[in-house]
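What the coordinates show
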Amino acid sequence: MRCRIQECEEPETSFQPGWLSYAVPFQQKGSAKVPSRCLRYGHVNNISQQLGSNSSTPDHNTTCSTELFNRSSTVRCDRWVYEGARSTILREWDITCEDNQWALTMVGTVNNVGQFIGMPIAGVVSDRIGRKKALVLAVLLSAVMGIARSLAWSYMSFLTFEFLDPLCGSGLYTAGFVLGMELVGPQGRVFAGSIISVFYTIGEVILGVVSLWLQKWRLILRALYFPAFLCIAHYWLATESVRWLLTKGRLEEARDIILKAATTNGIELSQQSLSKIEFSAEIRDKIGNPQKDKNSRNGSLMRIFQSKILLRRLLSSAFCWFSITFVFFGLSLNSVLVGGNQFTNFILVALIELPAYVVFYFAMDRLGRKCTLCLSLILSGVSCISFAFLPTELGLVQLLLFMLGKFGITISFAVVFVFTAELFPTELRHSTLACCSMLGRIGSVIAPQTPLLIFKTAMDLDEVLDELKHFGKFQATNYLLLSVAILFAAMFEASFIFTAGDLNYRCRIPGCDGKEATFRPDWLQNAVPFYQHDGRSVPRRCLRYEPRNSSFLSENAELNDSSCSPESFDNNSVTSCEGWVYDGEETTILREWDLTCEENLWKLTIVGTVNNIGQFVGLSVVGLVSDRIGRKTTLIASMILSCLMGVARSIAWSYEIFLLFEFLDPALGTGVYTSALVLGMELVGPRSRVFAATMITSFYAIGQALTGIIAWWLQNWRLILRASYLPSLLCISYYWFIPESVRWLLTKKRTKEASDIILSAARKNGVCLSEHVMRKIRTSSEQKETEEGFDGSGSPWKAALSQVFKSKTLLMRLTICIVCWVSITFVYFGLTVISVSVGGNKYTSFILAALIELPAYVATYLSMNRFGRKFSLCSTLLISGIPCTAFAFLPPGLDWVRLLLFLAGKFAITISYTVMYVYNAELFPTQLRHSLLGACVMFGQIGSILAPQTPLLDEVMESLPLLLFSAMSVFSGLLALYFPETLNAKLPDTIEEAENIGKHKRHIINDESKYEVQQDV
């Protein structure tokens, strides 16, 4: 596309008329020059009047001459001309230029989020109504949503149906795959799986062919989805899964299908084979006692956390799944950007999967699973790296390398399915495969956003802010309001610690406990076994003694304390509980839905992990939304969405619904913290950013402490959520009280609004701005865009990034930074999560663990400038490990000593967390500083995702979580010794300067560079 020059365009205009170079700047793209997509030259005078003075059919090649355009000034387009007849939603709704690119990439992410949510629902539906019905229903719903999408009247309606399509139809592939696998025997499953995968590839090829033929997005959707209605006939033509019918006790239907299959295949089944179907002990056991089977599965799932080998294997598998899906879908989506004909590229990249499946089939048996997976991943990686550094002129070679990368990752995708299933025992196989596959979907959710990974420079307003005052009355007022938003963000993120908290409970004893049962009656030791915990004798939570006379101790028996004597129970025989009595009035989801005993402990810890996965997904999107609609609008929208999800969570009617809203809350509301932080940083000058950041992080700690106070006061998870979320609706008033970011307004060419905000800030701060500064504000945006329009030198970021991977020093530095980030976030969030189980009053422990961060921020501020970054980071990481180790070996009963050691560990890791932000930014050159900091922080989220699972390690050894925190802290502290010291060192602008940090005599930084890193942070 290019700008429409309304004064020069003919009725049937061409994409590149002869006069175009006079009106539109051209840019270098590969070996060719192409017109700018979003810029045109300004007018020298009124072109339309000059054209009007000529004949009614002017010669545009002569009238639209170079003299009529000001080539030193560019303006943004308001209309566009598109090349060719092809139509997508970009052309339909003019979703043009870089500021709208997110709207195109968002489509793929929304689609994969729909699949992410729809897959578990499809599995439940399939197990409930059967594979065949689930398949037909998914086809029907997906076809309806696809046709509705082809009739979309706006971008938002299109996006809505784009989400609903995979949400309602994700069972189409999974139900078909499972039904196919359950129709064949063990020896034919690899072949059958290959056939299914091949037809998936053929479907991708057909998509490319249809798109090449029609080239209209509405027609493409209708051509793809209308034929799907024919699959309704599958209800009569296809058979139901025999395995599913047997698990549901529908033996006659299963028998009929098997007999029909035998007749079709020309086989006569013996009576012995039919008898095995009807009288299988396994089937009778599953039908007769499904609850027992369910409890057995839940219990076995805990075994994976008790085995170091299986746990390490699960974590490695999950990471491989994430990486493979990210690369596979990323390559599929970016195939149209390789160069040449995008339809041909897409078809070839899809067809390359066919030989990949053939290689997979033979390599699995000859080379083994491990060798095949490792080699295919390495092949894919080498191809992608080679592609990145290949000149654009070698388009054919680029395409071949791209296809080779897709070939390798396709083999990896096929292998990891089989390999994961073979790594775990039968009782865990389905659960672990589903867990890895679900985590892998995160990769497909993020993959559509990869086209947005381009480097963008920020506008420098520091000179204006110097004159405006760095932290005057204007900034102080707005910072106070933003700090309140940060306070709410902390409450939202910490609420799961109490809503999904553990409780003290014991077995309910029929015949002894009434409706108003007490937790420790006098007769309890007669009925329940006790054990020692922290020097105290406490009742077992999930076991009770068998009654000597079951009819005597029944629910309907008359309550009589004398009947609960020692003689009434057999102390040599224990049984599981059927009901529970809870200590006190506190209510969490554990009490609400009886999520008791070891087999349900994972349901409590998974809440925090789901919350952090939601943040991980939300972080990948919120930055794009903020850059599109503004910091203030994103902040308010995130606050409203988070409030709605929090209140919805407080009225959840089941555990599954609670978990859904636990994911949606951070996924939709993570912009509260990030938008407030960015908006705050962009409101103040460089010299005040350290103080301003300290102020914001202090309110985050206060918000966590306030969460503990509210939980202590209300002690009901539904009331806690409502008390935490409902007051945040007051932040809607920020729409009128808080200004938008001046930097963001200038990048969007809204200079009038930016000037008004700066003038308002100057009045409130009692400052009179010079005309020189105001003139810079008015002209800076136009100058920036003009420079971008003429930039044809390629991406300096890409060249700089390639140098990082060529530099052993910087590559090692980046690797250690990532390890440190994962360790610090894991320890920081892990200590926060287990603070409620330190000992003593859990509310006091949590509040103190939050408030200890306040002196830690002060200590950070003083330590970094006095002792340096390296010493501050290494010492605090090592110090954090010492109290964690001491805590683990402390004898029970010393609750106050345990609390002090815990607080010392939290104090030290908080300093490490804060130092790491600054240190990370100072270790890399200017062009890559922001990108590499963002990458390290994103990898660090892995630590926060794993941290909520640490309470499960208590089942292996009570002190294991603290020992793990200690080991990771000490290990990262020792690794950090590799870093050079950056105190008083000039910020590196080039790769060479970054490599030489600490090798030469330090240069004392000037005022301008002194605060550059603070701006990036």
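Residues numbered from 1 in each chain as written. Predicted model: local features only at pLDDT ≥ 70, side-chain atom pairs only at ≥ 80, totals over all residues. Heavy atoms only, no water.

Each helix and strand in the protein chain was counted, giving 49 helices and twelve strands. The buried share among the 1017 residues of the protein chain stands at 50%. In the protein chain, 78% of the contacts between residues at least 6 apart in sequence involve partners at least 24 apart. Summed over all atoms, the accessible surface of the protein chain reaches about 47900 Å², with 62% contributed by carbon and sulfur. (Helix = DSSP H or I, 4+ residues; strand = E, 2+ residues; numbered from the N terminus. Buried < 20%, exposed > 50% of the residue type's maximum accessible area, 1.4 Å probe, protein only. Contact = heavy atoms within 4.5 Å. Areas by Shrake-Rupley, 256 points an atom, 1.4 Å probe, with all protein chains shown as cover.)

In a structure, side chains of opposite charge can pair up when their charged atoms sit close to one another. For the coordinates displayed, the defined rule picks out ten salt bridges. A salt bridge links glutamate 853 to lysine 906; the shortest N-O distance between them is 3.1 Å. Here glutamate 853 is found in helix H42 (residues 853-867), whereas its partner lysine 906 is found in helix H44 (residues 895-922), with 53 residues between them in sequence. Owing to a relative accessible area of 0%, glutamate 853 belongs among the buried residues under this scheme. Each member of the salt-bridge network shares a partner with another, and the members are Arg149, Glu162 and Asp165. (Salt bridge = Lys/Arg side-chain N within 4 Å of Asp/Glu carboxyl O.)

With that settled, consider the state of the cysteines. Inspection of the entire model under this criterion finds three disulfides. With a sulfur-sulfur separation of 1.2 Å, cysteine 3 is cross-linked through a disulfide to cysteine 77. Taken together, the residues span a long stretch of sequence, with cysteine 3 in strand E1 (residues 2-3) and cysteine 77 in the loop between strand E5 (69-76) and strand E6 (80-81) at a distance of 74 residues. Take cysteine 3: its relative accessible area is 0%, and that puts it in the buried class. Not part of a disulfide, cysteine 820 finds its nearest cysteine sulfur in cysteine 817, a span of 6.6 Å. Overall, the relative accessible area of 0% leaves cysteine 820 in the buried class. (Disulfide = S-S within 2.5 Å.)

The next thing to look at is the nonpolar core. Counting residues in each nonpolar core, the largest one holds 124 residues, and the members touching the most others are Ile589, Leu873 and Phe979. Counting residues in hydrophobic clusters, the runner-up holds 29 residues, among them Tyr357, Ile409, Val416 and Phe419. (Core = buried A, V, L, I, M, F, W, Y, C linked by side-chain atoms within 4.5 Å.)

What follows covers the packing of aromatic side chains. The full count for this structure, using the stated rule, is 24 aromatic pairs. Residues phenylalanine 498 and tyrosine 843 carry aromatic rings whose centres are separated by 5.7 Å and whose planes lie at 10° to one another, so their mutual orientation is stacked. One end of the pair, phenylalanine 498, is in helix H26 (residues 496-499); the other, tyrosine 843, is in helix H41 (residues 842-851), with 345 residues separating them in the sequence. Exposure class is identical for phenylalanine 498 and tyrosine 843. Each is buried. Over the ring of tyrosine 235 we find lysine 132, and its NZ or CZ is 5.1 Å from the ring centre. For lysine 906, the ring lying beneath its charged end belongs to tyrosine 828, and the centroid distance is 5.1 Å. (Phe/Tyr/Trp six-rings, centres within 6.5 Å; stacked < 30°, edge-to-face > 60°. Lys NZ or Arg CZ within 6 Å of the ring centre and 35° of its normal.)

Moving on: a nonpolar patch on the surface. Nonpolar side chains collect at one region of the surface, where Phe191, Ile195, Phe199, Ile202, Ile206, Leu207, Leu224, Val358, Tyr361 and Phe362 lie side by side and expose about 880 Å² of accessible area between them. Where the nonpolar patch is concerned, the elements lending two or more residues are helix H9 (189-214) and helix H20 (353-366). The leading source of residues in the nonpolar patch is H9, at six residues. For leucine 224, the location among the structural elements is in helix H10 (residues 217-225). (Patch = residues over 30% accessible without salt bridge, like charges linked within 9 Å, V, L, I, M, F, W, Y side chains within 5 Å.)

This part is about helix H34 (residues 717-725). When H34 is considered as a whole, its buried residues turn out to be Trp717, Arg718, Ile720, Leu721, Ser724 and Tyr725. The buried residues of H34 occupy an angular sector of 160° when the element is viewed end-on, so they sit on one face. The distance from a side-chain oxygen at the start of H34 to the backbone nitrogen of arginine 718 is 3.0 Å, and the residue carrying that oxygen is asparagine 716. (Arc of directions from axis to C-beta. Polar contact = N/O pair within 3.5 Å; in protein donor to acceptor, adjacent residues only side chain to side chain.)

To continue, consider the packing of H41 against H42. Two numbers describe how H41 lies on H42: the axes approach to 5 Å, and their chain directions differ by 15°. Taken together, the axes of H41 and H42 lie roughly parallel to each other. Residues Ala849, Ala850 and Leu851 of H41 touch H42, and the partners they reach there are Glu853, Leu854 and Pro855. When its residues are assigned to classes, the contact of H41 with H42 shows five nonpolar, no polar and one charged. (Axes fitted to C-alpha atoms, helices over the stretch in contact; angles between N-to-C directions. Parallel < 35°, antiparallel > 145°, perpendicular 65-115°, else oblique. Nonpolar A, V, L, I, M, F, W, Y, C, P; charged D, E, K, R; others polar.)

Purely spatial values, then, with no claim about function.
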